[in-house]
Structure formats: C-alpha cells, structure tokens
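Residues per chain, in single letters:
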Amino acid sequence: MTDSGTVNRHNKSNESNTKFDSVCRHRRLIQMILSWLQALIFVVVLGWIFVPIYVKAGVVTMPEYLKKRFGGKRIQVYLSVLSLILYVFTKISADIFSGAVFIQLAIGLNLYVAIIILLAITALYTITGGLAAVIYTDTLQTFIMVVGSVILTGFAFAKVGGYEAFMQKYMAAIPSNTTYGDTVVDPKCYTPRSDAFHIFRDPAGDLPWPGLVFGLSIIAMWYWCTDQVIVQRCLSGKNMSHVKAGCILCGYLKLLPMFIIVMPGMISRILYPDVVACVVPEICQRYCGTAVGCTNIAYPKLVVELMPNGLRGLMLSVMLASLMSSLTSIFNSASTLFTMDIYTKIRSRASEKELMLAGRAFMLLLIGISIAWVPIVQSAQSGQLFDYIQSVTSYLGPPIAAVFLLGIFCKRVNEQGAFWGLVIGLLAGLGRMISEFAYGTGSCVAPSNCPFIICGIHYLYFAIILFGVSAIVILAVSFMTKPIPDVHLYRLCWSLRNSKEERIDLDADEEQDRADEKDDESVNEENQEDPGCCRKAYNWFCGLDQQKGPKLSKEEEEAMKQKLMDTSEVPLWRNIVNVNGIILLTVAVFCHAYFA
C-alpha cells in the first residue's frame, strides 16, 4: 500500500512537472517575441536620450560615466566587476552553448570540441583586430545571417503550406508518444495553448502581462541603454546622426527575428513534433541529451533536415557568424571594461601596450571561466536557455538600470545613494539567484522543493520589485546626505544637458595626475630604440604597431576633445533620423497591439 502511494505521488509529480515544461516552451516563445518588440522602443531611447548624455560626458565605458556622475572609485569598480560577471553568466556561456548545440547537431562534433574550435577562431581575429575588426565583421555577418535566414524561412513556409496552414497546423502539432511509464501524460502538457499566439495573459499565470510590460522593460533598459556591449557601438559613431541611424537600423533589423527565427522554429515543431515537442524524458534525452525537452534544437533541426546540401553549409556559416558576432562584441567590451576600470586601478602607470596585452590576456581568462560554466547553463531553468538568461538578468540587472535612470534624470542623486542602492539590490538579487540555483527549478524526474517565498514569485515580478527597492534606497539615502553641486553635473544629467558652463569633474585632480604621467611616459617612449623585425611582427599580430601621430599642443587636444563631445547634427540628417525614429515607435506600438 505504501509502495503504491509512493508510485502514485511520483507519477503525479512527474505529470505536474511535465506540464510545467510544456508551459515553459510557450512562455519562452512569447518572451522572445516581446523582448524583440521592446527592442524597437529602447533603441530609440538609447539613441535619443542616453547616448547624447554619454557623449557630452566624454566617456568610453559605462562605469566611467558613473564615476564622472557620482565621483569616487567604488561605484566604477563595482559596476565593472558586476558587468563582467553578467557577461560570464548570461552572454558568453549562453552564446557558447547555443552555438555549440548547432554545431553538434549539424556535424556531430563533441560539444566541447566545437566550443574550443569556435572560440579559437573568434579570439584570433578579436585579439588581432580590436574594435574596428569586430564592427566590420559584424556588418558582413549581419548580411550573411539575414540572407541565410530568409532563405530558410522560405523553405519552411513552402514545406508547411503557407502562413494560414502554419497557423492551423501549429495548434495540432503534438508528439505521437505521450506515455510516461504507466502514466498517460495530460494532453495539456503537449497540446499548444489556445492563446499561444497572444502576448498578454493572466497576471497570475505562467506569463503575467504586468511582468512582460514592466519587468521585461526594466531588463530591456539595462541591456539596450546601459550595457557596455551595446553602448560602445554608439560611442564609436562619427556623429550623433550616425549614432541615431545605427539605432534605427538596429530597430528595423529587430523586426525580422519574429519572422525568420521564431516562426521557422514553430514550423520545426510542426514538421518534427516527436523531437521538438517531446514530453517523455527518456525520448527527449535520446534526441537532444536533456530530459526536460528539446525545444532548444528546433531551429538547427530545421536547418539540418530541410535545407539542401549547399544551402545547409550556408546556414552553418550563418550560425557561426551569429555566434562569433556576439562573442567578439562581448570580448572587446569586456576587455575595455577590465583595462579602463579595473587594471588601471592596479597599475596606474601602465603603458598603452601593457593595457592592450592585459585586456587580451583577460579575454582568455573569461573564455576559460565561461566554458566551465556551460554545464550550469545546460541544467538551469529546466534546461530552457532563454528562461535562464532572462532570470539571471532579472536578478542582477534592475539595480544597474535604477542607478543609470535616476543618475540621468534626477540630479539630486549622489554617490552614497547610488552605492547603497547598488549594494542592497545586488544582495537581494544574489539571494534569490543563489537560492534558486541551490534548490533547482525542477524537472520531470526530480521535482524542485524550492519554497514559494523564494521561487514562487515570477522572476519578471521580482525584477519590478528589485528595481523599486533599489530606486527607493537610492533616493532615500541621497536625500539624507549632501547633494552634488551643479558645477560637477553640467552635461551629465538631463536637466543640465545643454549647459555651456565649464564642468569641474569630481575626479579632476586624479585626471590631471594621469595626464602628467602620460606625458612622462610619452617622453620615455620617444627615447626608446626602434624594435627589430621580430618585435615588429609581434606588435603587428597583436595590434600594437599603431603609428604615433604628431604630438598635439594643449589647444589642439582641447579642440579634439570638444569635437568628440559634440552632439550637434546637420538639420537634414537630423530630420531624417527623427522621422525614422517616429516610424519605428509607431511600428512597435502596432506590433504590440496586433499580437496582444
């Protein structure tokens, strides 16, 4: 009798978790669609609100902006370290894993062999080329990705019978094997939801619409407006019109993934339901190596099975290009953060060559840590990669978003408030994240016993709560301490963005000492002998053979600095980008309304 009761409880538990896994698949689909749609809004916010402030501040990294805005070193170092941790947890590990899954499915390589080969190629041209090489290769790879994905989309819709057939067949795409041991799986576990094509759902359900509207917006603001990987592209633009045009192009490209990535992935479920929509753990384990489901292989499965031989090779290059494009951006930004905001605190008199070598050596360290983290990515959030990325950023990103938002729009916020808001937000976020990792999110075989107070609050709701708590702490501490005088805030916050007054940076003395050190360093370098042939070859390979231009006078240096901080635009191009910005926002509103 006891054994029978144990078996029944075990079967009910497995059945419940299988239903949970099915819900997660639909949830991830809607989250992906809405995150792409929100990108249309926040790239405009980035180009029109945030970047002008960053440019006028004359910064090259986001921690550097916070240092100018608040003064001191602790916020700058804190944000640099946290950003690097986020890169390992969410960006590098997830990109490595997703790219390696495709390679493994396509050509049968071992997962870690594929990872090492891809990283070796990526690191090679990132280290030797720097930011310029990253930007040029990104441009080429974007073209390859769009063309290849459009071709695959055409094949997929032709195979399924067109858009109307796609809508009908998706709702009937169920696996043939739905028996788990002696238990028949509940049809809700493998039947697509009736609202699968709708964004906004029950606020108390699996995908609460307040969490999507507000929680996902907080994450999007952190990613698009304050993350070094994204902002660094804008700061490298020739002028503000170029920056805004780049943001507009990014927004238009963000319209494509729903049609060339999400829908082909849904078609993969229609064509291969026994694999992509599997619900029986043993079958899923056999098909894709994970017991909680095989939705992560939907897109590569479509490529391998549907594309002809020649075009299959094209799509392989597309996926490789996507992986390398993302990784090179992250490596270069991580290198900049480490050298400018951390290494210079350890070696204040480091030469430019030493900084470049230190940054590129740090890339290798990041790669090693990220490879070691891949097994955690595979098992976290029931093996659902997109859920894992969104949950980690929900735990760590909101305090950063709160500091940047209040730092720009509320000049009363000071260093003490920003620091303690970041610290308390980090402690709360790490508490939730570590607890969730410790308990696990559960699977069909091993249900999670995580208490409701820890894991019961949806992570998008937790992002809203964490953002609110951080903002309250920032404002409360700031209003209880002394404000920063306006003379230190000119052109660093929104209300003073157009000020013509001379700004005295809070770290002006430190900057002067650093400038004097650079002058001494340049004198010493001028006295050095020319390197030999081997040394020249080494410098060329590592990108260290940059020819020194003529030494500028203080007046010329000041003029160049003013040019770099100039946000003026030619009226014609300003009007063109502004009109396109309005069009992009209109499209975003329409898409939200259409898929609501």
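Just so it is clear, the structure is predicted and the values come from calculations on it, not from any experiment.

A. Molecular detail of the overall build of the protein chain. Tallying secondary structure elements over the protein chain gives 23 helices and two strands in all. Taking all 596 residues of the protein chain together, 51% fall into the buried category. With the model as given, the accessible surface of the protein chain reaches about 27,400 Å², and the carbon-plus-sulfur share is 64%.

B. Examining the nonpolar core more closely. Formed by 145 residues in total, the largest nonpolar core has its most connected members in Leu46, Tyr54, Tyr65 and Leu396. Excluding its chain neighbours within four sequence positions, the residues that come into contact with Tyr65 are Ile53, Tyr54, Ala57, Val59, Phe404, Gly407, Ile408 and Leu492.

C. Summary view of the packing of aromatic side chains. The final tally for this structure, using the stated rule, is 14 aromatic pairs. Between Phe419 and Trp420 the ring centres are 5.3 Å apart and the planes differ by 75°, which places this aromatic pair in the edge-to-face class. Every member of this aromatic cluster is reached through a ring pair, and the members are Phe50, Tyr54, Tyr65 and Phe404. Here Lys301 stacks its cationic end above the ring of Tyr272, 5.6 Å away from the centre of that ring.

D. Main features of the confidence of the model for the protein chain. On average, residues of the protein chain score 78 in pLDDT, and 78% of them reach the 70 mark or higher. Here residues 1-26 scores under 50 on pLDDT; set against residues more than four positions off or in separate chains, the count is 42 contacts.

E. Layout of the pattern of salt bridges. Enumeration according to the criterion identifies eight salt bridges in this entry. Arg432 is paired through a salt bridge with Glu436; the nearest N and O atoms lie 3.2 Å apart. Of this pair, Arg432 and Glu436 are both found in helix α17 (residues 415-439), four residues apart, which corresponds to roughly one turn of the helix. No difference in accessibility class separates Arg432 from Glu436, as the two residues are buried. In the salt-bridge network here, residues are joined through shared partners; they are Lys68, Arg503 and Asp505.

F. Broad picture of the environment of Met480. By the secondary structure assignment, Met480 is in helix α19 (residues 459-480). By relative accessible area, Met480 is classed as exposed at 66%.

G. Local environment of the packing of helix α9 (residues 257-271) against helix α12 (residues 298-306). In contact at an axis separation of 8 Å, α9 and α12 are set at 70° when each is read in the N-to-C sense. Overall, the two elements α9 and α12 adopt an arrangement that is roughly perpendicular. When α9 is examined against α12, the residues Ile260, Ile261, Pro264, Gly265, Ser268 and Leu271 are found in contact with a partner set consisting of Ala298, Tyr299, Lys301, Leu302 and Leu306. Classifying every residue of the contact of α9 with α12 by side-chain character gives eight nonpolar, two polar and one charged.

H. Spatial organisation of helix α5 (residues 163-171). Where α5 is concerned, the buried positions are Ala165, Phe166 and Tyr170. Down the axis of α5, the sector holding all buried residues measures 125°, keeping them to one side. Exposed residues lying more than 90 degrees from the buried face of α5 are Glu164 and Gln168.

I. Layout of the packing of helix α2 (residues 62-70) against helix α3 (residues 74-107). Their axes nearest at 8 Å, the elements α2 and α3 cross at an angle of 160°. It follows that α2 is roughly antiparallel to α3 by the angle criterion. Once α2 is placed against α3, the crossing between them reads as right-handed. Contact residues: Met62, Pro63, Glu64, Leu66, Lys67 and Phe70 in α2; Ile75, Gln76, Leu79 and Ser80 in α3. The residue inventory of the contact of α2 with α3, partitioned by class, reads six nonpolar, two polar and two charged.

J. Here's a closer look at helix α6 (residues 209-226). With 18 residues, α6 should reach 26 Å at 1.5 Å per residue; the first-to-last C-alpha distance of 24 Å fits that figure. Of all the bends in α6, the greatest measures close to 25° and is centred on Ser217.

K. Seen up close, the side chain of Thr393. In this fold, Thr393 is placed in helix α15 (residues 385-396). Judged by its relative accessible area of 5%, Thr393 is buried. Other than its neighbours up to four places away in sequence, Thr393 contacts Thr90, Ile219, Trp222 and Pro398.

L. Structural context of the environment of Phe462. Assignment of secondary structure puts Phe462 in helix α19. Residue Phe462 is classed as buried on the basis of its relative accessible area, which comes to 13%. Distance in space between the C-alpha atoms of Phe462 and Ala428 is 9.9 Å, their sequence separation being 34 residues. Leave out the neighbours within four places in its chain, and Phe462 touches Ser394, Tyr395, Ala428, Gly429, Arg432 and Ile457.

M. View of a nonpolar patch on the surface. Together, Trp420, Ile424, Ile457, Ile465 and Val469 give the surface a local cluster of nonpolar side chains, amounting to about 400 Å² of exposed area. When contributions to the nonpolar patch are tallied by element, the ones reaching two or more residues are α17 and α19. Assignment of secondary structure puts Trp420 in helix α17.

N. Local environment of unusual backbone geometry. Even without glycine at this site, Arg491 takes up a positive phi of about 65°. Within the element layout of this structure, Arg491 appears in the loop between α19 and α20 (508-526). Relative accessible area serves as the criterion here: at 16%, Arg491 is assigned to the buried category.

O. Main features of the state of the cysteines. Tallied over the full model, the rule gives zero disulfides. Cysteine Cys234 is unpaired, with the sulfur of Cys247 as its nearest cysteine sulfur at 4.0 Å.

Rules used in this analysis
Residue positions within a chain follow its written sequence, with the count starting from 1. With the structure being a predicted model, the display of local features is reserved for residues of pLDDT at least 70 and the display and counting of side-chain atom pairs for 80 or more, all residues being used for whole-chain, interface and lining totals. Hydrogens and water are ignored here; the side-chain numbers use all heavy atoms of the structure. Helix numbering and strand numbering both begin at the N terminus, where a helix is a DSSP run of H or I of at least 4 residues and a strand a DSSP run of E of at least 2. Each residue is placed in one exposure class: buried if its accessible area under a 1.4 Å probe, protein chains only, is under 20% of its type's maximum, exposed if it is over 50%, and partly exposed if it falls in between. Surface accessibility in these figures is a Shrake-Rupley result with a 1.4 Å probe; residues are shielded only by whichever protein chains are displayed. For the purposes of this section, nonpolar cores are sets of buried Ala, Val, Leu, Ile, Met, Phe, Trp, Tyr and Cys residues that join through side-chain atoms within 4.5 Å. Throughout, a residue-residue contact means that at least one pair of heavy atoms, one from each residue, lies within 4.5 Å. Here is the rule: rings of Phe, Tyr and Trp (six-membered ring for Trp) pair when centre to centre is within 6.5 Å. Planes less than 30 degrees apart are stacked, more than 60 are edge-to-face, and the remainder are tilted. A ring has a charge above it when a Lys NZ or an Arg CZ is no more than 6 Å from the ring centre and no more than 35 degrees off the ring normal. Each residue carries a pLDDT score, the predictor's own confidence in it, on a scale running from 0 to 100. The salt bridge criterion pairs a side-chain nitrogen of Lys or Arg with a carboxyl oxygen of Asp or Glu, the two atoms within 4 Å. To define axes, lines are fitted to C-alpha atoms, for helices over the stretch in contact only, and angles between the resulting N-to-C directions are given on a 0 to 180 degree scale. Reported orientations rely on four angle classes, namely roughly parallel under 35 degrees, roughly antiparallel over 145, roughly perpendicular from 65 to 115, and oblique for the rest. Each residue receives one of three labels: charged for Asp, Glu, Lys and Arg, nonpolar for Ala, Val, Leu, Ile, Met, Phe, Trp, Tyr, Cys and Pro, and polar for the others, Gly being one of them. The arc in question is the one traced by the directions running from the helix axis out to the C-beta atoms. Left-handed describes a crossing whose near helix is turned anticlockwise from the far helix by less than a right angle; the clockwise case is right-handed. In this analysis, the expected span of each helix is defined as 1.5 Å times one less than the number of residues it contains. In this analysis the local bend is the angle between axes fitted, respectively, to the seven residues ending at and the seven residues starting at the residue. Here the term patch refers to residues with relative accessible area over 30% and no salt bridge, with like charges joined within 9 Å and nonpolar side chains (Val, Leu, Ile, Met, Phe, Trp, Tyr) within 5 Å. Defined by distance alone, a disulfide is two cysteine sulfur atoms within 2.5 Å.

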